[in-house]
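Examining the three-dimensional arrangement
Listed here are the chains, written in short residue letters.
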Amino acid sequence: MLREKLNDAMKQAMKDKDKRRLATVRLILAAIKDRDISKRTEAGNQSVGDDDIIEILSKMVKQRKESVKAYEEGGRLELAEQEKEEMEIISEFLPRQMSEDEIQAAVREAIGETEASGLKDIGKIMAFLKEKYAGQMDFARASASAKDILS
């Protein structure tokens with residue numbers, strides 16, 4: 001489903017002659033194809049599903065956030081702007097991101113479900129959240145929230 005959406009986006013970007021969008025969507029599709037190839041060699045004839053694609057997109061957004069920070073610190077504002085544009089395009093294909101309040105509620109739910117009692121249980125909480133909310137939340141913020149609640 002998500003793969004089809006990406007292919008449609010690439011075709012539309014070609015029609016619109018939107019070079020930035022076309023290049024970014026092609027990068028996404030190339031990353032998916034790489035994962036397809038590695039999965040095929042590992043597990044036989046399996047292709048990448050939507051969960052894997054969301055994971056790839058999340059990593060791409062995270063990489064661009066880091067690049068923006070590095071470029072801004074280095075005074076390369078035009079490159080930082082380019083990375084921000086790519087980040088926005090990639091984010092369009094991700095599920096809606098949870099707000100701070102929603103993250104807090106999900107963390108409280110995870111603490112209840114995993115019966116976490118202290119900081120030693122952060123791993124269980126994060127595993128629960130990653131399984132249930134993959135691609136929907138910033139797990140660094142969720143981890144910080146869990147630590148605040150448990151301490």
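Relevant structure appears above.
Residues numbered from 1 in each chain as written. Predicted model: local features only at pLDDT ≥ 70, side-chain atom pairs only at ≥ 80, totals over all residues. Heavy atoms only, no water.

**Quick look at the overall build of the protein**
On a plain count of helices and strands, the protein comes out with seven helices and zero strands. Overall, the protein shows an N-to-C arrangement of helices and strands of α-α-α-α-α-α-α. Across the 151 residues of the protein, 35% fall into the buried class. Within the protein, counting contacts between residues at least 6 apart in sequence, those at least 24 apart form 58% of the total. When the accessible surface of the protein is summed, it comes to about 9,500 Å², and 49% of that surface belongs to carbon and sulfur atoms. (Helix = DSSP H or I, 4+ residues; strand = E, 2+ residues; numbered from the N terminus. Buried < 20%, exposed > 50% of the residue type's maximum accessible area, 1.4 Å probe, protein only. Contact = heavy atoms within 4.5 Å. Areas by Shrake-Rupley, 256 points an atom, 1.4 Å probe, with all protein chains shown as cover.)

**Focus on the pattern of salt bridges**
Summed over all chains, the structure comprises 14 salt bridges. Here Glu109 ties to Lys132 by a salt bridge, and the two come within 2.5 Å at their closest N and O atoms. With Glu109 in helix 5 (residues 100–114) and Lys132 in helix 6 (residues 122–132), this residue pair connects regions lying 23 residues apart in the sequence. For Lys132, a relative accessible area of 41% translates into the label partly exposed. Several salt bridges converge on common partners, so that one network encompasses Arg35, Glu55 and Lys59. (Salt bridge = Lys/Arg side-chain N within 4 Å of Asp/Glu carboxyl O.)

**So, the packing of aromatic side chains**
Centre distance and the angle of the planes are the two values used to describe a pair of aromatic rings. As enumerated under the stated definition, the model contains zero aromatic pairs in all. One residue, Lys130, lies across the ring of Phe139, its end atom 5.7 Å from the ring centre. (Phe/Tyr/Trp six-rings, centres within 6.5 Å; stacked < 30°, edge-to-face > 60°. Lys NZ or Arg CZ within 6 Å of the ring centre and 35° of its normal.)

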